[in-house]
Amino acid sequence: MSDILTILIASLIGISCSILGCFLVLRRMALLTDAISHAVLPGIVIAFLLSQSRDTFFMVLGAGTFGFFTSFLVEWLQQKGKIQADASIGIVFTFFFAVGIILVTQYTQEIDLDQECVLYGDLLHVTLDVWLLTDGTNLGPKTLWLLVPLLLIIITFVVIFYRTLQIITFDIVFAQSIGIPVALFHYALTALVSFTTVTSFESVGAILVVAFFIIPPATAQLLAKRLQHMIILSIIFSIVASLLGYYLSVIFNSSSSGMIVVVAGLLFLLVFLLAPRGGYFNKKKLSHAATLSS
Amino acid sequence: MLNSYTTLIVLIGVILLSINCTIIGTYNYLQKKSLLADVVAHSILPGICLSFLLTQEKDFLWLFIGAFITGMASIYTIDFIKRASFLGEDTILGIVLSFFFGLGIVLLTYIQNQGFSEQSGLDNFLLGRAASILISDVKIIASVTLILVVTIILLGRLFVAIAFDSAFLSQIGISTKLIQLIISTLTIMTITVGIQAVGIVLIAAIMIIPPAIGRLWSYQVSRIILIGLLASILSSLIGVYISYTFPRSPTGPWIVVGLVGCFLFSLLFGTQSSLKVFEIRKI
Amino acid sequence: MLDNPSIVIKDLSVSYTNESQLAIEKVSLEIPSSKLVGILGPNGAGKSTLIKAIVGILKPNEGLINIVDNNYTIAYIPQKENIDWHFPISVMEVALMGTYKTKGYFGRLNQIDKKNATKYLAQVGMDAYKYRKISDLSGGQQQRVFIARALLQEPDIFLLDEPFSGVDMKTQALIIDILQKLASNGKTVIIVHHDLQTVNKYFDWVVMINKQVITSAPTKVAFIEENIQKTYYTFQN
C-alpha cells in the first residue's frame with residue numbers, strides 16, 4: 001500500500017511540475033525554477049518561526065511569498081541593476097539558500113527539518129506522515145491533501161487559459177499587441193511554480209524539484225508537434241520516471257527522488273538520441289530543415 | 001580569536017579558497033558562464049561518490065579524479081546537447097545539473113545505506129563544513145592557489161580574449177578548445193578542493209558574486225579580480241568570525257551573506273553601477 | 001498637412017524598455033492611409049520603438065498618438081527573430097491567433113474561424129501547409145503565416161516590424177503584392193524596413209528617423225541622398 005502511495009505522490013508532483021514546466025521551458029525560463037526552489041527554504045523557516053507551528057498552510061504561504069519575491073528580484077537586478085542574467089540568478093538563489101541554511105541550523109531543534117532533506121527530500125517519510133483525526137481516523141498522507149487541490153488548480157488554469165497561454169508563450173510581443181495582460185499571467189505562472197515547489201519540497205528537495213520541472217517537458221518538446229501533445233507527453237514521461245525510479249530505488253536501496261530524476265534523465269537521453277525528427281541520429285534532417293529556413 | 005590554532009587553519013583555508021573561487025569565477029563570469037560553475041559543482045558529486053565506492057576511502061587524489069571525470073562529463077554533455085538540439089541553454093543547464101546531482105544523491109544514499117565505515121563526512125560535500133578543514137587540506141587548497149596564480153600570469157590574456165574575441169584567437173592559431181579546456185580544468189579543481197568546506201550549492205556563490213561586485217566598480221579585468229578578492233576575503237573573515245563566535249552557525253552561508261552585503265553596497269555606490277546613489281566626480 | 005492622415009503623432013517621446021534614455025524624442029508625424037509607408041533609419045534609431053508605441057505596447061513619456069478614426073483596429077507583426085520557431089505549434093494554430101482579440105479569454109473557436117483562417121492562409125499561399133509544424137517552414141513561409149494571422153484580425157492599420165529580414169526576394173515580392181492590395185483598399189500599412197536597395201521599389205511614402213524625424217514625405221521627394229546622409233551618417237545626441 002505505501003508503495004502505491006509513494007508512487008502516487010511522486011507522480012502527482014511530476015504531473016504538476018511537468019504541466020507548468022512546459023511553459024517555463026518554452027519561454028526560456030527554466031532556471032527560474034532553480035532560483036525559486038532554493039529561495040523557498042528561508043520562507044519555510046520564517047513562516048515556521050512566525051506562526052510557531054508546522055501548519056502546512058503557513059509554510060506554503062511563507063515559502064510561496066519568498067519564491068514569488070525571488071522572481072521579482074532576479075528581474076529587477078537584470079533590468080534596473082544591469083547585472084548579467086546568469087549572475088543575477090546566481091546571486092539571488094545562493095543568497096536565499098545561504099540564509100535558509102543559517103536559519104535551519106540556528107533553529108534546528110525547534111523546526112524538525114533535516115539539512116539533507118532540504119537538498120533531496122524524503123518521499124518515504126512524506127508518505128508515512130499521515131493525517132490522523134482525533135478519533136484515530138487515518139486520512140492518508142498530508143501531502144496528498146495539498147497535492148491534489150494544487151493539481152486541480154493548475155489543470156483548471158491551463159485548460160481555461162490554454163489559448164491565452166499558448167499565444168503568450170509563442171509570441172509575447174504579439175500577445176501584448178492584442179491587449180493580453182502579459183505581466184498578470186507571468187505572475188500567475190510564477191505563483192503556481194512557487195506553490196508547487198513548496199508543496200513538493202519535503203518530498204523531493206530543493207535541487208531535485210528542478211528536474212521534475214524541466215526534464216520531462218524538455219523530453220516532450222523533442223517529440224511533440226503541438227503544445228497539447230507536449231503537455232500530455234511530459235505527463236507520461238514523469239509518471240514513467242516515478243514508477244521506474246521508485247522500484248529501482250528500492251532495489252538499489254537509495255534515495256527514491258534521486259532515482260526518479262536519474263530515470264527521467266535517461267529517458268531524455270534516449271529520446272534525444274533516437275527521436276524520429278529532432279533526434280541526434282536523425283540530425284541530418286534537422287540540419288536540412290535549418291538550411292531550408294535560412 | 002586567532003589564538004586558537006585550528007581556527008587559524010580554518011581561516012587560512014577559507015581565505016585561500018575564496019581567492020581561488022574569485023579568480024577562476026571572474027573568467028567564467030566574463031564568458032557569461034557563471035551558472036556553468038554551478039552545474040559543475042553539482043556534477044562532481046556522483047564522481048566523488050563513485051571513486052569512494054571503488055576505493056572505499058577518502059583519498060584526495062582519487063576523489064579528485066572522480067570529480068574531474070563527472071565534472072568534465074557535465075560540461076561536454078551541455079556542449080553536445082546544445083549543438084545537436086534546439087533546446088534553450090537554460091533548459092540544458094537545468095537538465096544536466098539536476099541529472100548529475102540526482103545521480104550523486106542516488107550514489108550517496110546508496111553508500112550511506114551500505115554502512116561503510118569510512119563514509120562519514122561524505123555528506124559534508126553537500127552543505128560543507130569549514131570547521132573540518134585540516135592542515136593537509138590547506139596545503140592542497142594552497143597548491144591550487146599557486147597553480148591558478150601561475151596560470152593566470154602566463155595565460156590570463158588568453159582567458160580574457162576568449163571571452164571577447166575568440167575569433168581572433170583562432171585566427172592567430174591558438175586553439176580556443178584548449179584554452180576552454182584549461183579554464184574548465186581549473187574550475188573543476190577549484191570546486192573539488194572547495195566543496196568540503198562550503199558545500200556544493202554555496203561554492204557557486206563564491207565564484208559568481210565577487211566578479212559581479214568587481215564589475216560594479218570597474219570594467220578592467222585586473223581590477224574586477226582585485227575588488228572581487230577584497231570582497232571575498234572580507235566575507236571570509238566575516239564568515240569564520242561569526243561561526244567562531246556562534247559555534248552553531250555554519251561558515252559557508254555567512255560568507256555568502258557577507259558577499260551579498262558587499263554586492264548591495266557596490267550596487268548603491270559602485271562607480272559602474274546603474275543604480276548608484278550619487279556620482280563620484282573624477283579628479 | 002495631409003488631407004486624410006490615418007495616424008497623427010505629436011511631440012512623441014518614448015524611452016527604451018526599462019531605461020530612462022529616450023529612444024525617440026519629440027517625434028511629430030502624419031501617416032497617410034491607402035499608401036505603403038516605410039520607416040527607415042539606422043540601428044537604434046527608434047523605428048521599432050515608434051511602432052510599438054503606436055500599437056500601445058510601449059507607453060509614451062510624453063506626446064500624443066492620435067488614431068484619427070476611433071474605430072480603427074491595428075494588427076501588429078513582430079520581428080521574426082524574437083520567436084522560438086521550434087515551438088510545438090501548427091501553421092493553422094498560429095493563424096487562428098488572429099481571432100483572439102474578438103474571441104477574448106473564453107471564446108471557443110468554431111468552423112467559421114477555421115474557414116476564415118484557411119481563406120487567409122490561401123491568400124498568402126500557405127493553405128497547403130496548414131497542419132504542418134511551424135518549424136518545418138522556411139523563413140519566408142513563416143513570415144507569410146504571420147501575415148495571414150494579421151489578415152485574420154481584419155484590421156484597418158497594419159504595422160510590420162522588419163518583415164523582410166531573412167526572407168528571399170520571391171517571397172518579398174509576394175508579401176509586397178498583398179500589402180499593396182491592402183493599401184489600395186484604403187488600409188494603412190506601415191513597415192519598418194532595413195534594406196535601402198528596395199525602398200524605391202516597395203514604398204509610396206517614407207518616414208526617415210534617427211531619434212527625431214528627418215523627413216516624412218512621398219518616396220520620390222524624401223528618399224534622396226541628402227536625407228540618407230542625415231539619417232544614417234549624422235550622430236545624434
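Whatever comes next refers back to the structure up there.
From a predicted model like this one, the values you see are computed outputs, not experimental measurements.

Enquirer: Which parts of the structure should I look at to understand the overall build of chain C?
Expert: A tally of regular secondary structure across chain C gives nine helices and nine strands. Its C-alpha atoms give chain C a radius of gyration of 18 Å, within 12% of the compact-globule value 18 Å for 237 residues. Overall, the C-alpha framework of chain C stretches about 50 × 35 × 35 Å when taken along its three principal axes. Out of the 237 residues in chain C, the part that is buried amounts to 54%.

Enquirer: Help me out: how do you make sense of a nonpolar patch on the surface in this one?
Expert: All names here are of chain A. Where nonpolar side chains cluster on the molecular surface, the patch consists of Ile-232, Ile-236, Val-240, Leu-244, Leu-248, Ile-251 and Phe-252 and spans about 610 Å² of accessible area. Within the element layout of this structure, Leu-244 appears in helix α11 (residues 227–251). On the accessibility criterion, Leu-244 (45% relative accessible area) is partly exposed.

Enquirer: Even after reading the chapter, I still don't get the interface of chain A and chain B, so can you show me in this structure?
Expert: Many structure descriptions define interface size as the accessible area lost when the parts assemble. Facing 60 residues of chain A, the contacting portion of chain B comprises 54 residues. For the chain A and chain B pair, buried surface summed over both sides reaches about 5,000 Å², with 75% attributable to carbon and sulfur atoms. Our count for the contact surface shared by chain A and chain B stands at eleven residue pairs in polar contact (both at pLDDT 80 or more). Contributions of two or more residues to the side of chain A that touches chain B are made by α2 (30–51), α3 (56–79), α4 (85–106), α5 (115–120), α10 (182–221), α12 (256–274) and α13 (283–293) of chain A. Ranked by residues supplied to the side of chain A that touches chain B, first place goes to α4(A) with 14 residues. Class assignment of the residues belonging to the side of chain A that touches chain B gives a composition of 36 nonpolar, 17 polar and seven charged.

Enquirer: I tried to follow the sheet that holds strand β5 (residues 74–77) of chain C on my own but got confused; where do I start?
Expert: By way of backbone hydrogen bonds, the strands of a sheet pair with one another, either parallel or antiparallel. Residues and elements named next belong to chain C. Here six strands make up an open sheet; going across it, the order is β5-β6-β7-β3-β8-β9 and the pairing mixed. Strands with a single pairing partner mark the edges of an open sheet, and in this sheet they are β5 and β9 (212–218). Ignoring which end each strand starts from, the neighbouring axes of this sheet average 15 degrees apart. Here six bridges tie strand β8 (residues 205–210) to β9, and the two strands are oriented antiparallel to one another. Note that in β9 the partner of Trp-205 across the bridge is Pro-218. Packed on one face of the sheet, helix α5 (residues 139–152) meets β5 and β6 (157–161) and runs near 165 degrees to β5.

Enquirer: Looking at this structure, I do not really get the pairing of strand β3 (residues 36–40) of chain C. What am I missing?
Expert: Two faces, one strand: in a regular strand the side chains alternate between the faces of the sheet. Residue and element names in this part refer to chain C. With five of five residues buried, β3 lies mostly within the body of the structure. With burial as the criterion, each face of β3 is covered, one bearing Leu-36, Gly-38 and Leu-40 and the other bearing Val-37 and Ile-39. As judged from the four bridges shared by β3 and strand β7 (residues 188–192), these two strands associate in the parallel manner. When the bridges of β7 are listed, Leu-36 appears paired with Val-189. Two strands pair when backbone bridges link them, and β3 and β8 are joined in this way by four bridges, in the parallel orientation. Residue Val-37 lies in a different strand from β8, and its bridge partner there is Trp-205.

Enquirer: What is the right way to read the packing of aromatic side chains from this model?
Expert: Two numbers describe a pair of aromatic rings. These are the distance of the centres and the angle of the planes. Taken as a whole and judged by the stated rule, the model has 30 aromatic pairs over all chains. Measuring from ring centre to ring centre gives 6.0 Å for A:Phe185 and C:Tyr105, while their planes differ by 45 degrees; the resulting arrangement is tilted. Of this pair, A:Phe185 sits in helix α10 while C:Tyr105 sits in the loop between α3 (100–103) and α4 (111–123), which puts the two residues in different chains. A relative accessible area of 8% means that A:Phe185 is categorised as buried. Since its relative accessible area comes to 31%, C:Tyr105 is described here as partly exposed. Centre to centre, the rings of B:Phe265 and B:Phe269 are 4.8 Å apart; their planes meet at 45 degrees, and the pair counts as tilted. Here B:Phe269 and B:Phe265 lie together in helix α11 (residues 251–269), a separation of four residues that amounts to about one turn. When its relative accessible area of 26% is taken as the criterion, B:Phe269 is described as partly exposed. One aromatic cluster in this structure is built from A:Phe157, A:Phe161, A:Phe185, C:Tyr100, C:Tyr105 and C:Phe106. Over the ring of A:Phe174 we find C:Arg149; its NZ or CZ atom is 3.6 Å from the centre of that ring.

About the thresholds
Residues numbered from 1 in each chain as written. Chains lettered and ligands numbered in written order. Predicted model: local features only at pLDDT ≥ 70, side-chain atom pairs only at ≥ 80, totals over all residues. Heavy atoms only, no water. Helix = DSSP H or I, 4+ residues; strand = E, 2+ residues; numbered from the N terminus. Rg over C-alpha atoms; globule rule 2.2 N^0.38 Å. Buried < 20%, exposed > 50% of the residue type's maximum accessible area, 1.4 Å probe, protein only. Patch = residues over 30% accessible without salt bridge, like charges linked within 9 Å, V, L, I, M, F, W, Y side chains within 5 Å. Areas by Shrake-Rupley, 256 points an atom, 1.4 Å probe, with all protein chains shown as cover. Salt bridge = Lys/Arg side-chain N within 4 Å of Asp/Glu carboxyl O. Contact = heavy atoms within 4.5 Å. Buried area = accessible area lost by both parts, 1.4 Å probe. Polar contact = N/O pair within 3.5 Å; in protein donor to acceptor, adjacent residues only side chain to side chain. Nonpolar A, V, L, I, M, F, W, Y, C, P; charged D, E, K, R; others polar. Pairing = 2+ DSSP bridges. Axes fitted to C-alpha atoms, helices over the stretch in contact; angles between N-to-C directions. Phe/Tyr/Trp six-rings, centres within 6.5 Å; stacked < 30°, edge-to-face > 60°. Lys NZ or Arg CZ within 6 Å of the ring centre and 35° of its normal.

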